[in-house]
Amino acid sequence: MVMVMQTFGLKTQIILGNGSLSRLQKITSSYDRVLILASRSVKREGFLKEAEKYISEAGAEVESITGVSAEPSYEYVEEILPRAREFHPELIIAIGGGSVIDVAKAVKVFYDSPETAFEEIAFFSRFQRPKPIPKLKTPLIAIPSTSGAGSEVSGASVLKKNGVKYNLVSFEIAPDFAILDPRLPVTMPREVARNSGLDVLVHAIEAYVSKAASPFSDVMAVKAAKTVFELLPKSVEGDNEAREKMHYAATMAGIAFLNGRLGLAHAMSHKGAWMAPHGLLNAILHPCVMEFNMRDEGARLRYRELAKELGMKDEKELLARVRELNEKLEVPKLREIVEEREFLARLDKMSEKAYHDPLISFNPIEPSVEEIKKLYLEAFYEK
Ligand code: NAP
Ligand code: FE
C-alpha cells in the first residue's frame, strides 16, 4: 500500500458580519502600541478613522501608515520599515486589499527578524528551497477591503522585484485574525470588484485541481467557485448582498489555496506581473491554462468532478462558463492592454521565470518552458 498523508489547517481566527470592524476594540485592549497599514481608499471612506477610534478607546496608542500602494514591491516595504521600527508596535493591523495585507506580512517579517534578508527567504525558484522564515512574535490582524486575494488567511506575501512577483511563504506570516466586515468592499469600484472577484475563481479552480488538494480544501473551493458563478456579476454591478457573499467566498478560496495551493495560471501571472493587475491577468491566462491541463486524463477528471459539483455537465462546460464569465464582465484581451513589441521582447525571460515558479509543483501537469511560452502567446493572440 502506498502511504498518503495530507494535512489541512487554518491559523487565522475569522470574525465576520456587518460592523465586525468594532471587534478591534476588544482585540487591541491587551496591547499598548498598534501599527495600522492602510490604503488610500480605506482612509478616504472613513474606515481608517473608525479603526483608530476603536483602538484609542481600548487604551492603546495607534500609528497609521496610509497610502500603501497596489501591487507592491519589496523596495516599498524597505521604504516604510524605518517608520514601523521607530514606532515599535506590539500588534500590526492591515486594512486594505491583498496588496496592503501582503505589505503588512513582509513588514512583520523584517520588523521581528531584522537580520533576515529578502533574498534568503523569497521563493526565487522551485529548484532551490529558500531559508525558512524564523519564528515571529508580532501578531497580525488582516481586514480585507477587496474580495479576492485571500491573503487574510494565507501564509503568503507576494512582492514584486524588478516587475516580477516572488512569494514569501510561511505559517508564521498567516494573520492571527481576519475581520470580514462586508461594509468595506461596498466601496470597491466596478473594476476592483471584478478583478479581485475573478481571482477568487482562479484560486478555487486551481486549488481544486492542484496536486495538493484534499477533500477538505475541495469543500472551500467548491463553495467559493459556486458563489463566483452565481453572484460575481451582481456584485460587480453593486448589489450589496452579493458583495457580502463574495467577501466571504474570497476567504473560503483563500482557505482552499492555503491548503491545496495554486498552479500554472498563478505562476504565469506572477512572472508576468508587469502586464496587468493580479486578478485581471489571472482571469486572462486561466482559460488557456485550463485547456492545457485538460490534456491530462487525471486533470480532466478533476475538472469534470468540479463541474458536476457546480451543476454543470462536464469539464468542457466548465471551461466555456469560465470564458463566458470573462466576456460578460468585459475582461479585455491581453493584446488590448499590453504593447505587442514589449510583450515579445519580454516573452522568453518571462516564460523561463514562470517555469521556475514554485507553484508549478502543484499544477496537475508539469509544462516545459516552450509550452509556457506558447500559452502566453495563445493568451496574447486569442480571438
Ligand atoms: P489590491 O491590489 O489590494 O487593490 C486594488 C485597488 O483597489 C487599490 O488600488 C485600491 O485603491 C482599491 N481598493 C481596495 N479596496 C477598496 C475599497 N473598499 N474601495 C475602493 N477602492 C478600493 O487588490 P487585491 O486584488 O485585493 O490584491 C491584489 C494583490 O494581492 C496582488 O499584489 C497579488 O499578487 C496579491 N495576492 C496575494 C495573495 C496572497 O496569498 N498573499 C493571493 C492572491 C493575490 P487605493 O490604493 O486607492 O486604496
Ligand atoms: Fe491570486
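This is a predicted model, so every value here is computed, not measured. (Residues numbered from 1 in each chain as written. Chains lettered and ligands numbered in written order. Predicted model: local features only at pLDDT ≥ 70, side-chain atom pairs only at ≥ 80, totals over all residues.)

1. Focus: the overall build of the protein
Now for step 1: Helix and strand content of the protein: 16 helices and eight strands.
Now for step 2: At 20 Å, the protein has a C-alpha radius of gyration in line with the 21 Å of a compact globule built from 383 residues.
Now for step 3: Taken along the three principal axes of its C-alpha coordinates, the protein extends 60 × 55 × 45 Å.
Now for step 4: Looking at the 383 residues of the protein, the share that counts as buried comes to 51%.
Now for step 5: Put simply, of all contacts in the protein between residues at least 6 apart along the chain, 80% involve residues at least 24 apart. (Helix = DSSP H or I, 4+ residues; strand = E, 2+ residues; numbered from the N terminus. Rg over C-alpha atoms; globule rule 2.2 N^0.38 Å. Buried ≥ 20, exposed ≤ 12 C-beta atoms within 10 Å, placed from the backbone. Contact = placed C-beta atoms within 7 Å.)

2. Focus: the packing of helix α10 (residues 264–271) against helix α11 (residues 278–293)
Now for step 1: At a closest axis distance of 9 Å, the pairing of α10 and α11 adopts a crossing angle of 135 degrees. It follows from the interaxial angle that α10 and α11 lie oblique. Remark: the crossing between α10 and α11 carries right-handed chirality. Taken together, the residues of α11 that come into contact with α10 (itself represented by L264, A265, H266, M268 and S269) are H278, L281, N282, L285, H286 and V289. (Axes fitted to C-alpha atoms, helices over the stretch in contact; angles between N-to-C directions. Parallel < 35°, antiparallel > 145°, perpendicular 65-115°, else oblique. Left-handed = near helix turned anticlockwise from the far one by under 90°.)

3. Details of the domain arrangement of the protein
Now for step 1: Per the domain assignment, the segments of the protein are domain 1 (13–185) and domain 2 (189–381).
Now for step 2: Listed as interface residues are 28 residues of domain 1 and, on the opposing side, 31 residues of domain 2.
Now for step 3: Secondary structure elements with two or more residues in the side of domain 1 that touches domain 2: β1 (13–16), β6 (156–161), β7 (164–169) and β8 (177–180).
Now for step 4: In terms of residue count, β7 provides more of the side of domain 1 that touches domain 2 than any other element does, three residues in total.
Now for step 5: In the side of domain 1 that touches domain 2, the residues fall into 13 nonpolar, ten polar and five charged. (Domains from an automatic or database assignment. Nonpolar A, V, L, I, M, F, W, Y, C, P; charged D, E, K, R; others polar.)

4. Regarding helix α12 (residues 297–309)
Now for step 1: Given a rise of 1.5 Å per residue, 13 residues ought to cover 18 Å, and the 19 Å separating the end C-alpha atoms of α12 matches this to within 8%.
Now for step 2: Along α12, the residues that are buried comprise A299, R302, Y303 and L306. Viewed along the axis of α12, the buried residues span an arc of 95 degrees, placing them on a single side of the element.
Now for step 3: Along its buried surface, α12 packs onto α7 (190–209), α8 (215–236), α11 and α13 (315–328).
Now for step 4: Positive phi appears at G311, one or two residues downstream of α12, with a value of about 80 degrees. (Expected span 1.5 Å × (residues − 1). Arc of directions from axis to C-beta.)

5. Brief notes about the nonpolar core
Now for step 1: I95, A204, A224 and A253 are the most contacted members of the largest nonpolar core, which has 120 residues in total.
Now for step 2: For this core, the element with the most residues is α7, which contributes eleven residues.
Now for step 3: Each of domain 1 (13–185) and domain 2 (189–381) contributes no fewer than three residues to this core.
Now for step 4: Leave out the neighbours within four places in its chain, and A224 touches V200, A204, A249, M252, A253 and A256. (Core = buried A, V, L, I, M, F, W, Y, C linked by C-beta atoms within 7 Å.)

6. Section: the site of ligand 1
Now for step 1: The local shell around ligand 1 holds 33 residues, among which S39, S41, G97, G98 and S99 are the closest.
Now for step 2: Of the residues in the shell around ligand 1, the class split is ten nonpolar, 18 polar and five charged.
Now for step 3: Of the domains in this structure, domain 1 (13–185) and domain 2 (189–381) are the two that each give at least three residues to the shell around ligand 1. (Near = placed C-beta within 6 Å.)

7. What about the environment of A320?
Now for step 1: Position of A320 among the secondary structure elements: in helix α13.
Now for step 2: For the pair A320 and P287, spaced 33 residues apart in sequence, the C-alpha to C-alpha distance is 8.7 Å.

8. Quick look at the sheet that holds strand β5 (residues 140–144)
Strands in a sheet are paired, the pairing made by backbone hydrogen bonds, and the direction either parallel or antiparallel.
Now for step 1: The strand order across the open sheet formed by six strands is β1-β8-β5-β4-β2-β3, and the pairing between neighbours is parallel. Both outer strands of the open sheet, β1 and β3 (61–65), are each paired with one neighbouring strand and no more. If you compare each strand with its neighbour and ignore which way they point, the axes differ by 20 degrees on average.
Now for step 2: Taken together, the five bridges between strand β2 (residues 33–38) and β3 define a ladder with parallel strand orientation. Pairing of L35 across the sheet is with E63, part of β3. (Pairing = 2+ DSSP bridges.)

9. Some words on the packing of α7 against α8
Now for step 1: At a minimum axis distance of 8 Å, the contact between α7 and α8 shows a crossing angle of 155 degrees. Of the possible angle classes, the one that applies to α7 and α8 is roughly antiparallel. Regarding α7 and α8, the two cross each other, and that crossing is left-handed. Residues R190, A193, R194, G197, V200, L201, A204, I205, A207 and Y208 of α7 form the contact with α8, whose own contacting residues are S217, D218, A221, A224, A225, V228, L232, S235 and V236.

10. Some details on the environment of T227
Now for step 1: By the secondary structure assignment, T227 is in helix α8.
Now for step 2: On the basis of neighbour count, T227 is assigned to the buried category, with 25 C-beta atoms found within 10 Å.
Now for step 3: Considered as a pair, T227 and G97 are 130 residues apart in the sequence and their alpha carbons are 20 Å apart.
Now for step 4: Sequence-distant contacts of T227, that is, excluding residues within four places in its chain, are made with K245, M246 and A249.

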